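Structural overview for review
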Amino acid sequence: MSMSNGAVIVTGAGGYIGPHVVKALLDTGHSVAAVVRPGSVARLDPRATLIEMDILADDVELDIFEHAEGLVHLAWQDGFAHNSSAHMSQVSSHYRFVTGAAARGCPRIVTLGTMHEVGYWEGAINAETPTNPLNQYGIAKDALRRSLPLALTDTSMAWVRCYYIYGDDRRNNSVFKKILDAVDAGSESFPFTTGRNRYDFIRVEDLGRQIAAVFSAAEETGVINCCSGEPVSLADKVEQFITENRLPITLEYGAFPDRPYDSPGVWGDATRIKNILRSIEQV
């Protein structure tokens, strides 16, 4: 397809993160071919070229990569359903698609990962942190992360590991969306935990810019945390969200117990992504 000549191909472009990555790449001067599922409705920047494609199909056409600038692979089914059977059943299809892109000459590949690859951890996560995923989503992502470098020895590849994403909250499945839904239903209080656990929160727009920056830094490979690097308590973040959005609802602390398998504090080491952002800004 000539439409992808010189373009960055972004899969999962119609998902939660995809539109923000597409916009960030376009804003930094890249041409973008946005890949969405056939028949899906996507809110995409009109500057992007739209491609409808089932990337997990056995007979998926990979000629689009022969003249592409690179691939940002965000597509993933049931990302909000961490124990869906789709995760493990589709790992080989993701592997075939990404390695097929490399075989067609795609010079730069950035693939979306998750902090769920790590499993239970207390403190900062870096590229060397051992992984022991505890749900099907994390297990599948970790399997793909481990397998790709063994095949892509001649390709510049980065694995962007993401953390607790918020923003554009009507389209995610976070506590922030649940609070908005509760307000819509007329609730004046929201059952909550103690909120003491600390997490690494990042707005989806900022995440999009970070992923675009990683793509542009072709010399940066391996696992790169896309995150804020700042642990914030869940209570503080949710209270901030309620205040900023002027929501007529209060948190009912202690209505639910803290889950014993949740870390009291986990966040990403943001050293590499901050250096990448600085280097991009200086160009």
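Everything discussed here concerns the structure shown above.
Thresholds, definitions, all that
- Residues numbered from 1 in each chain as written.
- Predicted model: local features only at pLDDT ≥ 70, side-chain atom pairs only at ≥ 80, totals over all residues.
- Heavy atoms only, no water.
- Phe/Tyr/Trp six-rings, centres within 6.5 Å; stacked < 30°, edge-to-face > 60°.
- Helix = DSSP H or I, 4+ residues; strand = E, 2+ residues; numbered from the N terminus.
- Buried < 20%, exposed > 50% of the residue type's maximum accessible area, 1.4 Å probe, protein only.
- Pairing = 2+ DSSP bridges.
- Axes fitted to C-alpha atoms, helices over the stretch in contact; angles between N-to-C directions.
- Salt bridge = Lys/Arg side-chain N within 4 Å of Asp/Glu carboxyl O.
- Parallel < 35°, antiparallel > 145°, perpendicular 65-115°, else oblique.
- Contact = heavy atoms within 4.5 Å.
- Nonpolar A, V, L, I, M, F, W, Y, C, P; charged D, E, K, R; others polar.
- Left-handed = near helix turned anticlockwise from the far one by under 90°.

A short note on the packing of aromatic side chains
Enumeration over the complete set of coordinates arrives at 11 aromatic pairs. Aromatic side chains tyrosine 16 and phenylalanine 80 sit 6.0 Å apart centroid to centroid with 55 degrees between the ring planes, which places their arrangement in the tilted category. Note that tyrosine 16 is positioned in the loop between strand S1 (7-11) and helix H1 (18-27) and phenylalanine 80 in the loop between strand S4 (70-73) and helix H2 (86-89), a separation of 64 residues in sequence. A relative accessible area of 46% places phenylalanine 80 in the partly exposed class. Between tyrosine 164 and tyrosine 199, the aromatic rings sit 4.4 Å apart at their centres with planes inclined by 35 degrees, giving tilted as the arrangement. Here tyrosine 164 is found in strand S8 (residues 164-166), whereas its partner tyrosine 199 is found in strand S10 (residues 198-203), with 35 residues between them in sequence. Through a chain of ring-to-ring contacts, three or more aromatic side chains come together here, namely Tyr164, Tyr166, Phe176, Tyr199, Phe201 and Phe241.

Some thoughts on the sheet that holds strand S2 (residues 31-36)
Consider a sheet: its strands pair through backbone hydrogen bonds, and that pairing is either parallel or antiparallel. In spatial order, the strands read S3-S2-S1-S4-S5-S7-S11; together these seven strands make up an open sheet with parallel pairing. Each edge of the sheet is formed by a strand with only one pairing partner; in this case those strands are strand S3 (49-52) and strand S11 (222-226). Averaged over all pairs of adjacent strands, the angle between strand axes in this sheet comes to 25 degrees, irrespective of strand direction. Taken together, the four bridges between S1 and S2 define a ladder with parallel strand orientation.

As for the pattern of salt bridges
Applying the stated rule across the entire model yields 19 salt bridges. Its salt-bridge partner being aspartate 181, residue arginine 170 comes within 3.9 Å of it at the nearest N-O pair. Taken together, the positions of arginine 170 in the loop between S8 and helix H5 (175-184) and aspartate 181 in helix H5 put the pair 11 residues apart, joining distant regions of the chain. For arginine 170, a relative accessible area of 47% puts it in the partly exposed group. Judged by its relative accessible area of 33%, aspartate 181 falls in the partly exposed class. A single salt-bridge network, built from bridges that share partners, covers Glu117, Asp142, Arg145, Arg146 and Arg161.

Some thoughts on the packing of helix H6 (residues 204-216) against helix H8 (residues 271-282)
Axis separation between H6 and H8 bottoms out at 9 Å; the angle between their running directions is 70 degrees. By the angle between their axes, H6 is roughly perpendicular relative to H8. Here H6 contributes Gln210, Ala213, Val214 and Ser216 to the contact with H8, which in turn contributes Ile273, Ile276, Leu277 and Ile280. Residues belonging to the contact of H6 with H8 are distributed by class as follows: six nonpolar, two polar and no charged.

Points about the packing of helix H3 (residues 91-103) against helix H4 (residues 136-151)
The contact between H3 and H4 brings their axes to 10 Å, and the two run at 30 degrees. The angle between the axes of H3 and H4 places the two elements in the roughly parallel class. Crossing geometry of H3 relative to H4 is assigned as right-handed. Between H3 and H4, the contacting residues are Val91, His94, Tyr95, Val98 and Thr99 on the first element and Ala140, Ala143, Leu144, Ser147, Leu148 and Ala151 on the second. Residue classes in the contact of H3 with H4 are distributed as eight nonpolar, three polar and no charged.

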